[in-house]
Amino acid sequence: DREFYECVSMAALSTTQTLGAALRAARKRMGLTQSELALAAGVGVRFVVELEAGKPTVQLAQVLRVVEALGGSLQLTGVDHDGH
């Protein structure tokens, strides 16, 4: 989704706080409440609240579900994924 990428593509998401802020901004741009996002992603509202707050112990699988519900995806850069 273009809105998601416009919101997060310019920021390096190197901390849980920057990830949470980017996801919060994307959610708000889409006009979703935390409850609506939680329902769309199949996670609890508390998880969305903690994710947006930058809680460092969130589960990656659930983070990916939230990102997908927002129409986005995560991409790693600078990591050799070809095994070389």
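Because the structure is a prediction, the values reported are computed rather than measured.

Caption draft 1: Seen up close, the overall build of the protein chain. Across its full length, the protein chain holds 5 helices and 0 strands. Listed N to C, the secondary structure of the protein chain is α-α-α-α-α in terms of helices and strands. Burial analysis of the protein chain (84 residues in total) assigns 30% to the buried set. Intrachain contacts of the protein chain at a sequence separation of at least 6 include 53% that bridge at least 24 residues. Surface accessibility of the protein chain: about 5500 Å² in total, with carbon and sulfur atoms responsible for 55%.

Caption draft 2: Spotlight on the pattern of salt bridges. This model, assessed by the stated rule, comprises 4 salt bridges. Arg 27 serves as the salt-bridge partner of Glu 52, at 2.5 Å between the closest nitrogen and oxygen. With Glu 52 in helix H4 (residues 45–53) and Arg 27 in helix H2 (residues 16–29), this pair connects stretches of sequence that are 25 residues apart. Judged by its relative accessible area of 7%, Arg 27 falls in the buried class. In the salt-bridge network here, residues are joined through shared partners; they are Arg 24, Arg 27 and Glu 52.

Caption draft 3: Molecular detail of the packing of helix H3 (residues 34–41) against helix H5 (residues 60–69). Contact geometry of H3 with H5 gives a least axis separation of 8 Å together with a crossing angle of 105 degrees. Between H3 and H5, the interaxial angle falls into the category roughly perpendicular. Here Leu 37, Ala 40 and Ala 41 of H3 come into contact with H5, specifically with Arg 65, Val 66 and Ala 69. Class assignment for the residues of the contact of H3 with H5 results in 5 nonpolar, no polar and 1 charged.

Caption draft 4: The nonpolar core, seen in detail. Core analysis: the largest hydrophobic core is formed by 14 residues, its most contacted members being Leu 23, Val 43, Phe 47, Leu 51, Val 63, Val 66 and Leu 70. Mapped by element, the contributors of at least two residues to this core are H2, H3, H4 and H5. Not counting residues within four places of it along the chain, the set of residues in contact with Leu 51 comprises Thr 16, Leu 19, Gly 20, Leu 23, Val 58, Val 63 and Val 66.

Caption draft 5: Here's a closer look at H2. Over its 14 residues, H2 runs 20 Å from end to end, which matches the ideal 20 Å to within 8%, given 1.5 Å per residue. For H2, the full list of buried residues reads Leu 19, Gly 20, Ala 22, Leu 23, Ala 26 and Arg 27. Along the axis of H2, the buried residues cluster in a sector spanning 165 degrees; they form a single face. With respect to the buried face of H2, the exposed residues turned more than 90 degrees away are Lys 28 and Arg 29. Trailing H2 by a residue or two, Gly 31 shows a phi angle of about 75 degrees, which is positive.

Reading the values: the criteria
- Residues numbered from 1 in each chain as written.
- Predicted model: local features only at pLDDT ≥ 70, side-chain atom pairs only at ≥ 80, totals over all residues.
- Heavy atoms only, no water.
- Helix = DSSP H or I, 4+ residues; strand = E, 2+ residues; numbered from the N terminus.
- Buried < 20%, exposed > 50% of the residue type's maximum accessible area, 1.4 Å probe, protein only.
- Contact = heavy atoms within 4.5 Å.
- Areas by Shrake-Rupley, 256 points an atom, 1.4 Å probe, with all protein chains shown as cover.
- Salt bridge = Lys/Arg side-chain N within 4 Å of Asp/Glu carboxyl O.
- Axes fitted to C-alpha atoms, helices over the stretch in contact; angles between N-to-C directions.
- Parallel < 35°, antiparallel > 145°, perpendicular 65-115°, else oblique.
- Nonpolar A, V, L, I, M, F, W, Y, C, P; charged D, E, K, R; others polar.
- Core = buried A, V, L, I, M, F, W, Y, C linked by side-chain atoms within 4.5 Å.
- Expected span 1.5 Å × (residues − 1).
- Arc of directions from axis to C-beta.

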